[in-house]
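Breakdown of the fold
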Amino acid sequence: MVSPAIALAFLPFLITLLIRYRHYLVLLYRAVLLGWLQDRLTGVPREQRAFQYVLTHAIPGDPQHILHTFDQWSYHCEHLSCVGPLKGKIVEKLLCERAPRTVLELGTYCGYGTVLMAAALQPGARLYTVEPNPQHASVAEKVIRLAGFDEQTVELIVGHSEEVIPQLREQHGLQSVDFVFMDHWKRCYLRDLKLLEENGLLADRATVLADNVVFPGAPHFLQYAKTCGKYRCRVHRASLEYCRAIPDGIAELCYAGAR
Ligand SMILES: C[S@@+](CC[C@H](N)C(=O)[O-])C[C@H]1O[C@@H](n2cnc3c(N)ncnc32)[C@H](O)[C@@H]1O
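Small disclaimer: the values here were computed from a predicted structure and weren't measured.

1. Examining the pattern of salt bridges
For the structure on display, the rule yields 15 salt bridges. Linking Lys 89 and Glu 92 is a salt bridge whose minimum nitrogen-to-oxygen distance equals 3.7 Å. Residue Lys 89 and its partner Glu 92 are located together in helix 5 (residues 84-98), separated by 3 residues, close to a single helical turn. Taking the relative accessible area as the measure of exposure, Lys 89 reaches 55% and is therefore exposed. In this structure Glu 92 comes out as partly exposed when scored by relative accessible area, which is 23%. A salt bridge links Glu 97 to Arg 98, with the shortest nitrogen-to-oxygen separation between them at 3.6 Å. Given the relative accessible area of 33%, Arg 98 is considered partly exposed. Within this structure, Lys 87, Asp 211, Glu 241 and Asp 248 form a network of salt bridges that share partners.

2. Quick look at the pairing of strand 3 (residues 154-158)
Most of strand 3 is tucked away: 4 of the 5 residues are buried. Bridge count for strand 2 (residues 126-131) against strand 3 is 5 bridges, and the pairing is parallel. In the sheet register, Thr 129 faces strand 3, and the bridge partner there is Leu 156. With helix 7 (residues 134-146) bridging strand 2 and the parallel strand 3, this β-α-β connection has right-handed handedness.

3. Describing the site of the ligand
Around the ligand sit 20 residues, and of these Val 83, Gly 107, Glu 131, His 136 and Asp 183 come closest. Contacts to the ligand include Asp 183, whose side-chain N or O atom sits 2.8 Å from a nitrogen atom. Protein chains shield 96% of the accessible area of the ligand, which is 600 Å² for the free molecule. Residue assignment for the shell around the ligand shows that the elements contributing at least two residues are helix 6 (112-119), strand 2 and helix 8 (161-164). For the shell around the ligand, the per-class residue count stands at 7 nonpolar, 9 polar and 4 charged.

4. Details of the domain arrangement of the chain
Looking at the assigned domains, one finds that the chain contains domain 1 (6-76) and domain 2 (84-255). Each of domain 1 and domain 2 has a C-alpha centre, and the two are 24 Å apart. Facing 22 residues of domain 1, the contacting portion of domain 2 comprises 23 residues. Together domain 1 and domain 2 conceal approximately 2000 Å² of surface at their shared face, both sides included; 74% is due to carbon and sulfur atoms. The tally of links from domain 1 across to domain 2 stands at 0 salt bridges. Remark: the boundary between domain 1 and domain 2 carries 4 residue pairs in polar contact (both at pLDDT 80 or more). If you list the elements that add at least two residues to the side of domain 1 that touches domain 2, you get helix 2 (22-42), helix 3 (46-57) and helix 4 (63-76). With 8 residues, the single largest contributor to the side of domain 1 that touches domain 2 is helix 4. Its residues assigned to classes, the side of domain 1 that touches domain 2 shows 12 nonpolar, 5 polar and 5 charged.

Conventions and cut-offs
Residues numbered from 1 in each chain as written. Predicted model: local features only at pLDDT ≥ 70, side-chain atom pairs only at ≥ 80, totals over all residues. Heavy atoms only, no water. Salt bridge = Lys/Arg side-chain N within 4 Å of Asp/Glu carboxyl O. Helix = DSSP H or I, 4+ residues; strand = E, 2+ residues; numbered from the N terminus. Buried < 20%, exposed > 50% of the residue type's maximum accessible area, 1.4 Å probe, protein only. Pairing = 2+ DSSP bridges. Right-handed = clockwise from strand over helix to strand, strands pointing away. Near = heavy atom within 4 Å. Polar contact = N/O pair within 3.5 Å; in protein donor to acceptor, adjacent residues only side chain to side chain. Areas by Shrake-Rupley, 256 points an atom, 1.4 Å probe, with all protein chains shown as cover. Nonpolar A, V, L, I, M, F, W, Y, C, P; charged D, E, K, R; others polar. Domains from an automatic or database assignment. Contact = heavy atoms within 4.5 Å. Buried area = accessible area lost by both parts, 1.4 Å probe.

Take a look at the structure:
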């Protein structure tokens, strides 16, 4: 048995920890526990619940209103792992500056980032987005079409990035890509960047963006990007989607071509 005196001695330490990491605890509650509980109570997956809300409240054919409705749900109901409005502005700004002809997104989830980027595309440009989870893909497909984007503008590919990337040229007619948005599992970033290089899919001066490089972080990816000599790399600091108190950032890589 721990004596009460020892337990009391640890109390200030415990309280300090709780205060210091309170934002992460709130995130854990909103992103994991609340979602799990609602899944059990309603029998409907979180992404489907979010889509029902969007369907009821958003204006069809208005991408900005659809994004805003997702934001409302995420701020007031449950946490969604979309790029969110703050980092979304960074992605949108860079995409508008670069005016790419072809865009590749890894990790579609509910289609938030897809709609955000599709709305900023130049006429005639095309976006390919890759998602392995069939339930997420089904929600994303509906969100993308609800926003008014047809298959000529946005192609949703259901599959794992490591299987889809080597097939992009032959099966999807994609010769090279000007703009990549990596937003899937962080441990896959480095592997998929190398896959894109090996398959000769990165156009000269292509831009590669990678979300969440501060939280939860992708240190091996960042180290490679900074030291391999093929990229100019910078990190745009922001905060985690729907959690202003947790720092996060988006890495921007500019490809200098194979060396
Ligand atoms: C953070 S969410 C993507 C958010 C989305 N980009 C947005 O802004 O709305 C991550 C998604 O990556 C997907 N994912 C996981 N592994 C993947 C892989 N190997 N290839 C492509 N997507 C993957 C997950 O199923 C999940 O839907």
